[in-house]
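Topology and contacts: notes
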Protein chains: 2
Amino acid sequence: MSSTKKKVFDAAISIFNSKGYNGSSVKEIAQKANVNIALISYYFSGKKGLLEQLLTNYFEQYIIVLEKSFEKKDSMSCKEVLCEIVKNLLRFESENHQLARLVHREITLDTMLVREIMSTYLTKEKYYLQTILERGIQKKEFRKLPVMNTIMQLKGMLTMPYLNLQYMVEVLHVNPVEPYFVTKYYKEISHWIEEGLSIQAERPTLSVINYSGLNSVNTLNASTLAGGS
Amino acid sequence: MSSTKKKVFDAAISIFNSKGYNGSSVKEIAQKANVNIALISYYFSGKKGLLEQLLTNYFEQYIIVLEKSFEKKDSMSCKEVLCEIVKNLLRFESENHQLARLVHREITLDTMLVREIMSTYLTKEKYYLQTILERGIQKKEFRKLPVMNTIMQLKGMLTMPYLNLQYMVEVLHVNPVEPYFVTKYYKEISHWIEEGLSIQAERPTLSVINYSGLNSVNTLNASTLAGGS
């Protein structure tokens, strides 16, 4: 990407993020990028084209990140693939946090562009996640979880920090852009995958212990294992 | 609330949701609500005042819902209080889904109004969630989880379905507005609270079994218990 193009992209992301897409003008973007306004019309077909290119760029890369982890599905367990997806997407979001913030907001609007993105990129994304989850259920790595709701939970956890960057920093005093955050947050999500989605959560171990008649262990741990639910 | 006021609110929510706040005009809102444009200026001080009232209305109610569950903290376990919060907030979001969608999007922008909401409502929200989580850690109901990251995960899961209503319906083919969804999704989040946040997740049982030298049980379940992490 030429440096001018990058300057325009960066200026657009910054202005769209503070004023919203509809509240921004090409003039402001040109000023911030220090380029001629005609250049934006010429190279990007104006504000709409600029947004389109930003969203497309984001999702092209996003899908590649997803795909690369997905392709390991024959040599890794589904759980490992899902954790790898989480790790790589968090890193990707963190590295492109300003763009990610813009994308996650714009995607909630009801426009033609958003509908196109849904029918291409987000349908692909769903395919990858659904395949991994269903395969994991089949291979008894995951419990019989509701696949769509799990995708929703996962996407919620992944997007929250970057969509609400300002809230994170100013209210929770956490900076989701720091590598330290990515590591720590990844640990939490993988913990959810491990403890919340896996089949062990159905606790076959309890019945094994019960049937073995190991009463001392039983007394010690039954309530812990049952978790009071 | 007078029926006119409600008509204006509903029209504004609908138009803000399809065009974004900055892409909407008071004229469109007046037309959709079938009221005189001057009335909007008079009662709501224009578009900005309208957005302000919508956001404030939402958060006033939101905090009440949160508070009501929080107040039960002395008669219920922290886990139960957290589950109650989740259940009531999901119901609240579902009942006000159009407004929720607008609020969750607007809150990601960097404006004076958003900053005010952060320093009042979202700071209160943080206080309630943080108190319950920290209390739960102290009472050994929850493991030593990173409180802020957990708040983030929780908020991500709660807001995702309503912020991305269109994505839910059109890509995942799930309708987050149906009561059936709320019940099922609640079950998933409470499962996360039970299995992912609770102290049992630290699996003290493994070491107990190990030290007891119960090798047969050990062999059977060690990998399940350790979860391959």
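Read on for an overview of the structure. Predicted, not measured: the structure shown is a model, and the values here were computed from it. Every chain is numbered independently, its residues counted from 1 as its sequence is written. Lettering of chains starts at A and numbering of ligands starts at 1, both following the order in which they are written. pLDDT decides what is reported in this predicted model: residues at 70 or higher carry local features, side-chain atom pairs at 80 or more are listed and counted, and totals for whole chains, interfaces and linings draw on all residues regardless. Calculated side-chain values reflect all of the structure's heavy atoms, with hydrogen atoms and water omitted.

By the criteria applied, helices consist of DSSP H or I runs no shorter than four residues and strands consist of E runs no shorter than two, each listed in order from the N terminus. Within chain A one finds twelve helices and zero strands. Start at the N end of chain A and walk to the C end: the helices and strands fall as α-α-α-α-α-α-α-α-α-α-α-α. Expressed as a percentage of the 229 residues in chain A, the buried residues total 57%. Contact criterion: two residues are considered in contact whenever any of their non-hydrogen atoms come within 4.5 Å of each other. Put simply, of all contacts in chain A between residues at least 6 apart along the chain, 65% involve residues at least 24 apart. Computed by Shrake-Rupley with a 1.4 Å probe, the accessible areas treat only the displayed protein chains as cover when residues are assessed. Element-wise, carbon and sulfur atoms account for 53% of the exposed surface of chain A, whose accessible area totals about 10,100 Å². Three labels apply to residues, based on accessible area from a 1.4 Å probe with only protein chains included: buried if under 20% of the type maximum, exposed if over 50%, partly exposed otherwise in between.

Residues and elements named next belong to chain A. Tracing the backbone shows His104 in helix 6 (residues 97–106). Of the residues examined, His104 reaches a relative accessible area of 10% and is grouped as buried. Any N or O atom pair separated by 3.5 Å or less is treated as a polar contact, with the protein-specific requirement of one donor-capable and one acceptor-capable atom, and with residues adjacent in sequence counted only for side-chain atom pairs. Side chain to side chain, His104 and Glu93 meet in a polar contact 2.7 Å long. When neighbours within four sequence positions are excluded, His104 is seen to be in contact with Tyr58, Glu93, Thr159 and Leu163.

All names here are of chain B. Here a helix's expected span is defined as the number of its residues, less one, multiplied by 1.5 Å. Compared with the 24 Å implied by 1.5 Å per residue over 17 residues, the 24 Å span of helix 1 (residues 3–19) between its first and last C-alpha is a close match. Along helix 1, the residues classified as buried are Val8, Phe9, Ala11, Ala12, Ile13, Ile15, Phe16 and Asn17. The secondary structure elements touched by the buried residues of helix 1 are helix 2 (26–33), helix 3 (37–44), helix 4 (46–70) and helix 6 (97–106). Just downstream of helix 1, Gly20 is the residue with a positive phi angle, here 80°.

Residues and elements named next belong to chain A. Salt bridge, as used here: a side-chain nitrogen of Lys or Arg that lies within 4 Å of a carboxyl oxygen of Asp or Glu. Under the defined criterion, the tally for this structure stands at 18 salt bridges over all chains. A salt bridge links Glu125 to Lys155; the shortest N-O distance between them is 3.0 Å. Within this pair, whereas Glu125 is found in helix 7 (residues 112–138), its partner Lys155 is found in helix 8 (residues 147–163), the two being separated by 30 residues in sequence. Across the pair, exposure class does not vary: Glu125 and Lys155 are buried alike.

Now for the packing of aromatic side chains. Residue and element names in this part refer to chain A. Ring pairs shown here join Phe, Tyr and Trp side chains whose ring centres sit within 6.5 Å, with only the six-membered ring taken for Trp; geometry is labelled stacked below 30 degrees between planes, edge-to-face above 60, and tilted in between. Considering all chains together, one arrives at 26 aromatic pairs over all chains under this definition. Relative to Tyr185, the ring of Phe181 lies with its centre 4.9 Å away and its plane at 20°, an arrangement referred to as stacked. You can see Phe181 and its partner Tyr185 sitting in helix 10 (residues 179–197), four residues apart, about one turn around the helix. Aromatic ring contacts, followed pair by pair, group Tyr58, Phe59, Tyr62, Phe92 and Tyr121 into a single cluster.

Quick look at unusual backbone geometry now. At A:Asn34, a residue that is not glycine, the phi angle is positive and equals roughly 60°. Here A:Asn34 is to be found in the loop between helix 2 (26–33) and helix 3 (37–44). In this model, B:His173 sits at a positive phi of 55°, which is unusual for a non-glycine residue. Tracing the sequence through the fold places B:His173 in the loop between helix 9 (165–172) and helix 10 (179–197).

Residues and elements named next belong to chain B. At a minimum axis separation of 10 Å, helix 4 and helix 6 run at an interaxial angle of 105°. Relative to helix 6, the element helix 4 is oriented roughly perpendicular. Contact residues: Leu51, Leu54, Leu55, Tyr58 and Phe59 in helix 4; Leu99, Ala100, Leu102, Val103, His104 and Glu106 in helix 6. When residues are grouped by polarity, Ala, Val, Leu, Ile, Met, Phe, Trp, Tyr, Cys and Pro land in nonpolar, Asp, Glu, Lys and Arg in charged, and all others, Gly among them, in polar. Within the contact of helix 4 with helix 6, the residues separate by chemical class into nine nonpolar, one polar and one charged. Every axis in this analysis is a line fitted to C-alpha atoms, fitted for helices over the stretch in contact. Angles between the N-to-C directions lie between 0 and 180 degrees. An angle below 35 degrees is read as roughly parallel, one above 145 as roughly antiparallel, one from 65 to 115 as roughly perpendicular, and any other as oblique.

Right, let's get into helix 10 of chain A. Here helix 10 of chain A is 19 residues long and its end C-alpha atoms lie 26 Å apart, about the 27 Å a rise of 1.5 Å per residue gives. In terms of residue burial, helix 10 of chain A counts as a mostly covered element, since 14 of its 19 residues are buried.

Residue and element names in this part refer to chain A. Inspection of the secondary structure puts Ile64 in helix 4 (residues 46–70). Ile64 gets classed as partly exposed once you look at its relative accessible area, which sits at 42%. With 126 residues separating them in the primary sequence, Ile64 and Ser190 have C-alpha atoms 21 Å apart.

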